[in-house]
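# Examination of the molecular architecture
Residues per chain are reported as follows:
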Amino acid sequence: AALEVLRQHGERLLEEASARFEAAGLAVERLLVDGLGGRVADHVVDMARSWEADAIVLGTHGRRGVRRLVLGSDAEQILRLASVPVLLVRYRPE
(Lines give C-alpha, C1' and ligand atoms only; values in the text may rest on other atoms or scores of the structure.)
Protein backbone atom coordinates (compact mmCIF):
# COMPACT_ATOMS: atom_id res chain seq x y z
CA ALA A 1 0.00 0.00 0.00
CA ALA A 2 2.82 2.43 0.84
CA LEU A 3 4.56 1.79 -2.48
CA GLU A 4 1.32 2.53 -4.33
CA VAL A 5 0.97 5.85 -2.48
CA LEU A 6 4.54 6.74 -3.48
CA ARG A 7 3.82 5.85 -7.11
CA GLN A 8 0.67 7.98 -7.13
CA HIS A 9 2.57 10.90 -5.61
CA GLY A 10 5.34 10.47 -8.19
CA GLU A 11 2.85 10.41 -11.06
CA ARG A 12 1.17 13.56 -9.74
CA LEU A 13 4.51 15.36 -9.51
CA LEU A 14 5.40 14.30 -13.06
CA GLU A 15 2.03 15.45 -14.38
CA GLU A 16 2.33 18.86 -12.72
CA ALA A 17 5.90 19.40 -13.92
CA SER A 18 5.08 18.21 -17.45
CA ALA A 19 2.11 20.56 -17.64
CA ARG A 20 4.34 23.53 -16.77
CA PHE A 21 6.87 22.70 -19.47
CA GLU A 22 4.18 21.95 -22.07
CA ALA A 23 2.49 25.29 -21.25
CA ALA A 24 5.82 26.91 -22.15
CA GLY A 25 5.72 25.16 -25.54
CA LEU A 26 8.27 22.44 -24.78
CA ALA A 27 7.89 18.79 -25.71
CA VAL A 28 8.00 16.49 -22.69
CA GLU A 29 8.64 12.77 -22.32
CA ARG A 30 8.44 11.30 -18.88
CA LEU A 31 8.85 7.98 -17.17
CA LEU A 32 8.31 6.90 -13.58
CA VAL A 33 10.44 3.91 -12.65
CA ASP A 34 10.77 2.16 -9.32
CA GLY A 35 12.62 -0.86 -8.01
CA LEU A 36 15.73 -0.48 -10.14
CA GLY A 37 18.98 -2.09 -9.14
CA GLY A 38 22.14 -0.09 -9.62
CA ARG A 39 22.76 3.64 -9.41
CA VAL A 40 19.95 6.05 -10.18
CA ALA A 41 22.38 8.31 -12.06
CA ASP A 42 23.32 5.54 -14.47
CA HIS A 43 19.68 4.77 -15.24
CA VAL A 44 18.75 8.43 -15.79
CA VAL A 45 21.73 9.13 -18.05
CA ASP A 46 21.18 5.91 -20.04
CA MET A 47 17.49 6.75 -20.52
CA ALA A 48 18.29 10.29 -21.67
CA ARG A 49 20.80 8.87 -24.14
CA SER A 50 18.32 6.31 -25.51
CA TRP A 51 15.63 9.01 -25.90
CA GLU A 52 18.18 11.37 -27.50
CA ALA A 53 16.99 13.93 -24.95
CA ASP A 54 17.96 17.57 -25.32
CA ALA A 55 18.08 18.07 -21.55
CA ILE A 56 17.44 16.37 -18.22
CA VAL A 57 15.21 18.06 -15.64
CA LEU A 58 15.72 16.67 -12.17
CA GLY A 59 14.28 17.41 -8.76
CA THR A 60 16.71 17.65 -5.86
CA HIS A 61 16.44 18.04 -2.11
CA GLY A 62 19.43 20.38 -2.07
CA ARG A 63 21.22 18.55 0.75
CA ARG A 64 24.54 19.97 1.86
CA GLY A 65 27.42 19.11 4.11
CA VAL A 66 27.53 15.85 6.05
CA ARG A 67 24.01 14.78 4.98
CA ARG A 68 25.08 14.91 1.32
CA LEU A 69 28.30 13.05 2.03
CA VAL A 70 26.49 10.31 3.93
CA LEU A 71 23.50 10.00 1.60
CA GLY A 72 25.33 10.71 -1.65
CA SER A 73 23.96 12.88 -4.38
CA ASP A 74 22.22 11.34 -7.37
CA ALA A 75 21.86 14.82 -8.85
CA GLU A 76 25.61 15.42 -8.63
CA GLN A 77 26.36 12.11 -10.33
CA ILE A 78 23.87 12.88 -13.12
CA LEU A 79 25.52 16.27 -13.62
CA ARG A 80 28.90 14.57 -13.96
CA LEU A 81 27.74 11.78 -16.30
CA ALA A 82 25.20 13.53 -18.55
CA SER A 83 26.17 14.60 -22.04
CA VAL A 84 23.24 17.05 -22.22
CA PRO A 85 22.34 20.06 -20.03
CA VAL A 86 20.82 19.23 -16.63
CA LEU A 87 18.30 21.53 -14.94
CA LEU A 88 18.07 20.95 -11.19
CA VAL A 89 14.81 22.01 -9.54
CA ARG A 90 15.15 22.34 -5.78
CA TYR A 91 12.41 20.78 -3.69
CA ARG A 92 10.57 23.32 -1.58
CA PRO A 93 7.74 22.04 0.60
CA GLU A 94 4.63 24.17 0.39
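Parameters at a glance
Within each chain, residue numbers correspond to sequence positions counted from 1 in written order. A pLDDT threshold of at least 70 governs which residues receive local features in this predicted model, and a stricter bar of 80 or more applies before side-chain atom pairs are shown or counted, although totals over entire chains, interfaces and linings include all residues. Each side-chain value is worked out from all heavy atoms of the structure, with water and hydrogens disregarded. Only DSSP runs of H or I reaching four residues or more are called helices, and only runs of E reaching two or more are called strands; each is numbered from the N terminus. Contacts are residue-level and defined by heavy atoms, with any inter-residue pair within 4.5 Å sufficient. To define a nonpolar core, start from buried Ala, Val, Leu, Ile, Met, Phe, Trp, Tyr and Cys residues and group those joined through side-chain atoms within 4.5 Å. Residue burial is assigned from relative accessible area. The probe radius is 1.4 Å, only protein chains are included, and a residue is buried under 20% of its type maximum, exposed over 50%, and partly exposed in between. Axis lines are fitted to C-alpha atoms, over the contacting stretch for helices. Their N-to-C directions set the angle, which ranges from 0 to 180 degrees. If an angle is under 35 degrees, it is roughly parallel; if it is over 145, roughly antiparallel; if it lies from 65 to 115, roughly perpendicular; otherwise it is oblique. Throughout, a crossing is termed right-handed when the near helix is turned clockwise from the far one, and left-handed when it is turned anticlockwise from it by less than a right angle.

### Considering the overall build of the protein
- A tally of regular secondary structure across the protein gives four helices and two strands.
- The helix and strand sequence of the protein, counted from the amino end, reads α-α-β-α-α-β.
- Within the protein, contacts between residues separated by at least 24 positions form 59% of all contacts whose residues are at least 6 apart in sequence.

### Side note on unusual backbone geometry
- Positive phi, normally seen in glycine, also occurs at Glu-52, with a value near 55°.
- Considering the arrangement of structural elements, one finds Glu-52 in the loop between helix 2 (40-51) and strand 1 (56-60).

### A few points about the nonpolar core
- Residues Ala-41, Val-45, Ala-48, Ile-56, Leu-58, Ala-75, Ile-78 and Ala-82 constitute the largest nonpolar core, which totals eight residues.
- Of the residues forming this core, the biggest block, three residues, is contributed by helix 2.
- Those residues in contact with Ile-56 that sit more than four places away from it in its chain are Val-44, Ala-48, Ile-78, Ala-82, Val-84, Pro-85, Val-86 and Leu-87.

### Quick word on the packing of helix 2 against helix 4 (residues 74-81)
- The N-to-C vectors of helix 2 and helix 4 enclose an angle of 40°; their axes lie 8 Å apart at closest approach. Between helix 2 and helix 4, the crossing angle belongs to the class labelled oblique. For the pair helix 2 and helix 4, the sense of crossing is right-handed. Across the interface between the two elements, Val-40, Ala-41, Asp-42, Val-44, Val-45 and Arg-49 from helix 2 touch Asp-74, Gln-77, Ile-78 and Leu-81 from helix 4.

Any functional reading would require information that these geometric values do not contain.
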